[in-house]
Amino acid sequence: MTFGIEYPEQVSVFSWETCGDFDLGTATWPSSGSGTATTWVSAKTDPLVTVGALSVLADENATAQLSLTSHPLHGATLADDSVPSNVDPIRTLGALGFGTDGVLPCPVPDGACCHFDGSCEVTLESECTGIGDRWAGEFVSCDAAACPPPPQGACCEPDDDCVVRSEASCLERGGTYQGDSTECGPGPCDPQPTGACCSWLGLCELRTESDCGYSGGTFFGLDSVCEPGPCVTGPCCFDDSCVMATEEGCGSYGGIFRSEDTSCEPNPCADGACCYDDEICRFLSMAQCDALSGAFLGTGIVCGPGICADSPGACCVANGDCRLLLESECEQEGGYYVLPDEPCAPDPCAFRDECGWNETLGEWVERIRQVRATQRGLEGRGPEAQLPEVLGGSVPPGVQGDCGSVLFNADGTFETTVPGAEHGVQTPTYGAFAEAYPCPDGYACSILLELTQPGGAGARTLDLYVWDDDQGEPGVVRATIAGADPGVVSTWPAVSASLRDRLSLLRRVPAPRRLLGQLAG
């Protein structure tokens, strides 16, 4: 069994003596808020079993309770000696009172619950509440309840055979239930006419009209065929993500169909402000902007008054100083221009030799320019209100820490994982993902996690690794953090950032030319 304990400061617990054959408490057991697990070599079947004893003392005149609660990690449960064990939740837990009443739980009698499908289980009366369920009474066993069999009817199985079955049995075999008391006469399972059905992603299958509509597809009529393919697809944009889909399917899922484009390569969805032809601004994709010989200001950046005007920005001159100059003035000075309106604080021109960087100033500025262009795109579309104030919607390129200037790596995409599934080690590595980034002769100083979830997931921890890159495969493990807590993860489309222990999570780890970082949950 597993359980926990809670008590206020007026109560002191000095020791715990288990009556089980093995007892495994949390690190602080028996302190308040901790828990333990107790087991026996042979199953206990007596109505009353002593689990253990606590030595407790309360302050004089205290009014308090020492309460049994759920284990902080495993809940309050009872498990039998099956393999694997059948685990049941403990229904009620008691409390010891000091200067006040305690709690003595009295078990509520249970009995057989006959379900609508003919199955039976022993439950409380209050738990036997499904449609068509019937509670047989206190202490009545399932054998004594003699639950009636479920109603039956015609079941059309996948091979179009008709068999009289219960609804549950029919559905388990992939069949279509025709209703209670229906019979397998002529007609109910005859093959239904089909036609070409296009899924929203453009996959064509022969389906009945009702099946096609139920699946959200587009039906092309009875006896229509999939060859030649009737499914016409085009780029469908979800923010800056692109998938090939039918126009109708794209709209039904809330996407924007790009009828003027034919492919997701290059990505037509990654739109942003594009400046061309003497300060004209249009909201275009990067590819469209390049075709106009324009300057793409970043994904999500919108056109506004003066955004394309020649405005001062950070210019890194030969000695490494940062000056606010026009791009033309920067060129005249022989410097390297970062971006319009880019500030000099934090200094984008400063890089530290002690952090291992051996690039030229021009190479450094080109890297900073790419990072800032990416970050401007994130600032334009990201849910900034969900991010900590220290980020301001992005990671400043010149953050100073133990390693000097911090280089921010990100590809602007999310990786999909299934937390805990197959322990993150089965193909295709459910529950884990990895990214490879260049890190020339530097240090891995921190890991920023931008996380989102479909909803309902919580209390997950993450294992973080940094590896050398060995010709595209994980090499030497440089650092590892096990059981990192990302905090509360926002539900999509909101995004939450976890930057706990920034610049100390993986402090000053010598890094190879490339890093492969894995996050496993």
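Residues numbered from 1 in each chain as written. Predicted model: local features only at pLDDT ≥ 70, side-chain atom pairs only at ≥ 80, totals over all residues. Heavy atoms only, no water.

### A look at the pairing of strand β26 (residues 322-325)
So, point 1. Here four bridges tie strand β25 (residues 313-316) to β26, and the two strands are oriented antiparallel to one another. Its bridge partner lying in β26, Ala-314 is registered against Leu-324.
So, point 2. In textbook terms, the turn of a hairpin is the stretch between consecutive antiparallel strands, and for β25 and β26 this stretch comprises five residues, one of which, Gly-320, has a positive phi near 90°. (Pairing = 2+ DSSP bridges. Helix = DSSP H or I, 4+ residues; strand = E, 2+ residues; numbered from the N terminus.)

### Quick notes on the sheet that holds strand β17 (residues 204-207)
So, point 1. Spatially, the three strands line up as an open sheet ordered β17-β16-β18, and their pairing is antiparallel. With one partner strand each, in any of the chains shown, β17 and β18 (218-219) form the two edges of the open sheet.
So, point 2. Relative to β18, strand β16 (residues 195-198) runs antiparallel, the two being bridged by two bridges. Within β18, the residue paired with Cys-198 across the bridge is Thr-218.

### Points about the pattern of salt bridges
So, point 1. Tallied over the entire structure, the rule returns four salt bridges.
So, point 2. The shortest N-O distance in the salt bridge between Asp-110 and Arg-91 comes to 4.0 Å. With Asp-110 in the loop between β9 (95-98) and β10 (111-114) and Arg-91 in the loop between β8 (87-89) and β9, the pair connects residues that are 19 residues apart, well separated along the chain.
So, point 3. Across the salt bridge formed by Glu-333 and Arg-323, the nearest N and O atoms sit 3.5 Å from each other. Separated by 10 residues along the polypeptide, Glu-333 in the loop between α6 (327-332) and β27 (336-340) and Arg-323 in strand β26 bring together distant segments of the chain.
So, point 4. The exposure class of Arg-323 is partly exposed, given its relative accessible area of 37%. (Salt bridge = Lys/Arg side-chain N within 4 Å of Asp/Glu carboxyl O. Buried < 20%, exposed > 50% of the residue type's maximum accessible area, 1.4 Å probe, protein only.)

### Digging into unusual backbone geometry
So, point 1. Residue Pro-30 is reached from Trp-29 by a cis peptide bond, and omega for that bond is 5°.
So, point 2. As for its placement among the helices and strands, Pro-30 is situated in the loop between β3 (22-25) and β4 (35-39).
So, point 3. Cis geometry marks the peptide bond from Val-83 to Pro-84; its omega dihedral reads 0°.
So, point 4. By secondary structure assignment, the location of Pro-84 is in the loop between β7 (77-79) and β8.
So, point 5. Within the chain, Asn-61 stands out as a residue other than glycine whose phi angle is a positive 65°.

### Brief notes about the side chain of Thr-2
So, point 1. For Thr-2, the location among the structural elements is in strand β1 (residues 2-6).
So, point 2. Residue Thr-2 is classed as buried on the basis of its relative accessible area, which comes to 12%.
So, point 3. Here Gly-75 takes part through its backbone oxygen, which lies 2.8 Å from a polar atom of the side chain of Thr-2.
So, point 4. Setting aside residues no more than four positions away along its own chain, Thr-2 makes contact with Thr-36, Ala-37, His-71, His-74, Gly-75, Ala-76, Thr-77 and Ile-90. (Polar contact = N/O pair within 3.5 Å; in protein donor to acceptor, adjacent residues only side chain to side chain. Contact = heavy atoms within 4.5 Å.)

### Notes on the state of the cysteines
So, point 1. Scanning all chains against the criterion turns up 13 disulfides.
So, point 2. Between the sulfur atoms of Cys-155 and its disulfide partner Cys-170 the distance amounts to 2.1 Å. In this structure, the disulfide formed by Cys-155 and Cys-170 twists by about 80° around the S-S bond and is classed as right-handed. With a gap of 15 residues between them, Cys-155 in strand β13 (residues 152-156) and Cys-170 in helix α2 (residues 167-172) connect regions that are remote in the sequence. Grouping residues by exposure puts Cys-155 and Cys-170 together as buried.
So, point 3. Two residues share a disulfide in this structure: Cys-204 and Cys-226, whose sulfurs sit 2.0 Å from each other. Looking along the S-S bond of the Cys-204-Cys-226 disulfide, the torsion reads about -80°, which is the left-handed sense. Remark: Cys-226 occurs in the loop between β18 and β19 (233-238) and Cys-204 occurs in strand β17; sequence separation between them is 22 residues. (Disulfide = S-S within 2.5 Å.)

### Some details on the sheet that holds strand β14 (residues 162-166)
So, point 1. If you walk across this open sheet you meet the three strands as β14-β13-β15, and the pairing is antiparallel. Where the open sheet ends on each side, the last strands, each with one partner, are β14 and β15 (176-177).
So, point 2. Here β13 pairs with β14 via five bridges, running antiparallel. Within β14, the position partnered with Gly-153 by the bridge is Arg-165.

That's the geometry; what it means functionally is another story.
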